[in-house]
Amino acid sequence: MKTAKQPVLPKWFYQLASPKWCYQITGTLLPFFATLAIALLVTGFVWALLFAPQDYQQGNSFRIIYIHVPSAILAQSIYITMALSGAIGIIWKIKVADMVAYTCAPIGASMAFLALITGAIWGKPTWGSWWVWDARLTSMLILLFLYFGIMALYSAMEKPETAARSTAILSLVGLVNIPIIKYSVDWWNTLHQPATFTLTEKPAMPIEMWLPLLVMVVGFYCFFATAMIVRLRNEILTREKRTAWVKKLVTEIDR
């Protein structure tokens, strides 16, 4: 009797189970993402601050959008990446996926914090208040607390395997907050404006304002890739320090 064939997954998916392979491939990708991040962020900053026209209602105060929107988008994307990596670690027992989830948390927390701070700065001249219990703001604050909770849970557990499983479950439960953040302005009557940046619809702002925002968003994603790769490589070396390949690598560096 023939048995059903197992689904064939890409070779790179199985190679993720090898910390050595992951360390090597990320070392190759790191200079690319770092260079791209610097180029895009510098270009985006200069374009946004010096060449993009001011808003006819908000004046120059609207320019904080070039930090606020990318950081808010990235905070949500990092959380999704963290949750999916944790799920992969649970299902396929790929420890590199657990490491990716672990390295994402502090970066995502910093982006969520940056989004809230810049939103407060933007809200003062726009709404006349630093903070309102708006649906979008409140759900974004919950996202920050989720990041803090996941980081605290990692720190509270001694065994990396137990910590990875517990935090993966928490992050998967917290995924319900992501659509709430995205669609809160549509579901409830809020002060927060509708989505400013989208690739699926016509931009809600003039193209000369939207293009530098696009550059900043891509630059933020490249920055995330750079920061995650650096943290991931350090985490791999820390957890694999007793393996032969890491000892050999350290010996070669010391020479």
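Here is what the cut-offs are and how they apply
- Residues numbered from 1 in each chain as written.
- Predicted model: local features only at pLDDT ≥ 70, side-chain atom pairs only at ≥ 80, totals over all residues.
- Heavy atoms only, no water.
- Helix = DSSP H or I, 4+ residues; strand = E, 2+ residues; numbered from the N terminus.
- Buried < 20%, exposed > 50% of the residue type's maximum accessible area, 1.4 Å probe, protein only.
- Contact = heavy atoms within 4.5 Å.
- Areas by Shrake-Rupley, 256 points an atom, 1.4 Å probe, with all protein chains shown as cover.
- Salt bridge = Lys/Arg side-chain N within 4 Å of Asp/Glu carboxyl O.
- Phe/Tyr/Trp six-rings, centres within 6.5 Å; stacked < 30°, edge-to-face > 60°.
- Axes fitted to C-alpha atoms, helices over the stretch in contact; angles between N-to-C directions.
- Parallel < 35°, antiparallel > 145°, perpendicular 65-115°, else oblique.
- Left-handed = near helix turned anticlockwise from the far one by under 90°.
- Core = buried A, V, L, I, M, F, W, Y, C linked by side-chain atoms within 4.5 Å.
- Expected span 1.5 Å × (residues − 1).
- Patch = residues over 30% accessible without salt bridge, like charges linked within 9 Å, V, L, I, M, F, W, Y side chains within 5 Å.

S.K.: Would you mind showing me how to read the overall build of the chain here?
M.R.: Looking only at helices and strands, the chain features 9 helices and 0 strands. Counted from the first residue to the last, the chain has its helices and strands arranged as α-α-α-α-α-α-α-α-α. Scored against the burial criterion, the 255 residues of the chain give a buried share of 43%. Partitioning the intrachain contacts of the chain with sequence separation of at least 6 by distance along the chain shows that 74% fall at a separation of at least 24. Working note: accessible area of the chain is about 14,600 Å², and carbon and sulfur atoms make up 67% of it.

S.K.: Would you mind showing me how to read the pattern of salt bridges here?
M.R.: Any two side chains of opposite charge can pair, so long as their charged atoms come close to each other. If you walk through the whole model with that rule in mind, you get 2 salt bridges. Close ionic contact of Lys95 with Glu240 constitutes a salt bridge, the shortest N to O distance being 3.1 Å. Of this pair, Lys95 sits in helix α4 (residues 95-127) while Glu240 sits in the loop between α8 (207-239) and α9 (244-254), and the two are 145 residues apart along the sequence. Judged by relative accessible area, Lys95 falls into the partly exposed class, the value being 38%. Relative accessible area serves as the criterion here: at 8%, Glu240 is assigned to the buried category.

S.K.: Teacher, can you tell me more about the packing of aromatic side chains here?
M.R.: To describe a pair of aromatic rings, you give the distance between the ring centres and the angle between the ring planes. Inspection of the entire model under this criterion finds 6 aromatic pairs. Measuring from centroid to centroid gives 5.8 Å for Phe62 and Tyr66, while their planes differ by 65 degrees, and the two rings are edge-to-face. Since its relative accessible area comes to 3%, Phe62 is described here as buried. When the centroid spacing of 5.4 Å and the interplanar angle of 85 degrees are considered together, the rings of Trp131 and Trp133 count as edge-to-face.

S.K.: Before we go on, may I ask you to explain the environment of Trp92 in this structure?
M.R.: Following the sequence through the fold, Trp92 ends up in helix α3 (residues 65-92). The class of Trp92 is partly exposed, set by a relative accessible area of 43%. Along the sequence, Trp92 and Ala17 sit 75 residues apart, while their C-alpha atoms lie 9.0 Å from each other.

S.K.: What is the right way to look at the packing of helix α5 (residues 135-156) against helix α7 (residues 177-187) in this model?
M.R.: For any two helices packed against each other, the geometry is given by the interaxial angle and the distance between the axes. Contact geometry for α5 and α7: axes closest at 8 Å, N-to-C directions at 160 degrees. Comparing their axes, α7 and α5 come out roughly antiparallel. The interaxial crossing formed by α5 with α7 has left-handed handedness. On α7, the residues that touch Ala135, Arg136, Ser139, Met140, Ile142, Leu143 and Leu146 of α5 are Asn177, Ile178, Ile180, Ile181, Lys182, Ser184 and Val185.

S.K.: Looking at this structure, how should I read the nonpolar core?
M.R.: If you look at soluble globular proteins, the nonpolar side chains tend to sit buried side by side. Within the largest apolar cluster, 56 residues are counted, with the highest numbers of intra-cluster contacts made by Tyr66, Ile78, Tyr79, Met82, Met140, Leu143 and Tyr147. If you list the elements that add at least two residues to this core, you get α2 (19-51), α3, α4, α5, α7, α8 and α9. No other element matches α4, which puts 14 residues into this core. Those residues in contact with Ile78, other than ones at most four positions away along the chain, are Cys104, Ile107, Gly108, Met111, Tyr147 and Phe224.

S.K.: Looking at this model, I keep getting lost on α4. Mind explaining?
M.R.: For an α-helix, the turn length of 3.6 residues means that residues three or four places apart are oriented alike. For α4, which comprises 33 residues, the first-to-last C-alpha distance of 46 Å matches the rise-based estimate of 48 Å (1.5 Å per residue) to within 8%. In the segment just after α4, Gly128 is the residue with positive phi, at about 80 degrees.

S.K.: I keep staring at unusual backbone geometry and nothing clicks. Help me out?
M.R.: Keep in mind that most residues, glycine aside, have a negative phi and that most peptide bonds are trans. At Lys93, a residue that is not glycine, the phi angle is positive and equals roughly 55 degrees. Relative to the helices and strands, Lys93 is located in the loop between α3 and α4.

S.K.: Would you explain a nonpolar patch on the surface in this entry?
M.R.: A cluster of nonpolar side chains, Ile38, Val42, Phe45, Val46, Leu49, Leu50 and Phe51, forms an exposed patch at the surface whose accessible area comes to about 720 Å². Among the secondary structure elements, Val42 is positioned in helix α2. The exposure class assigned to Val42 is partly exposed, which follows from its relative accessible area of 48%.

S.K.: What's the story with the packing of α4 against α5 in this structure? I'm lost.
M.R.: The N-to-C vectors of α4 and α5 enclose an angle of 150 degrees; their axes lie 9 Å apart at closest approach. As the angle between them shows, α4 and α5 are arranged roughly antiparallel. Crossing of α4 over α5 shows left-handed handedness. Mapping the contact onto sequence places Asp98, Ala101, Tyr102, Ala105, Pro106, Gly108, Ala109, Ala112, Phe113, Ala115, Leu116 and Trp127 in α4 and Leu137, Met140, Leu141, Leu144, Tyr147, Phe148, Ile150, Met151 and Tyr154 in α5.

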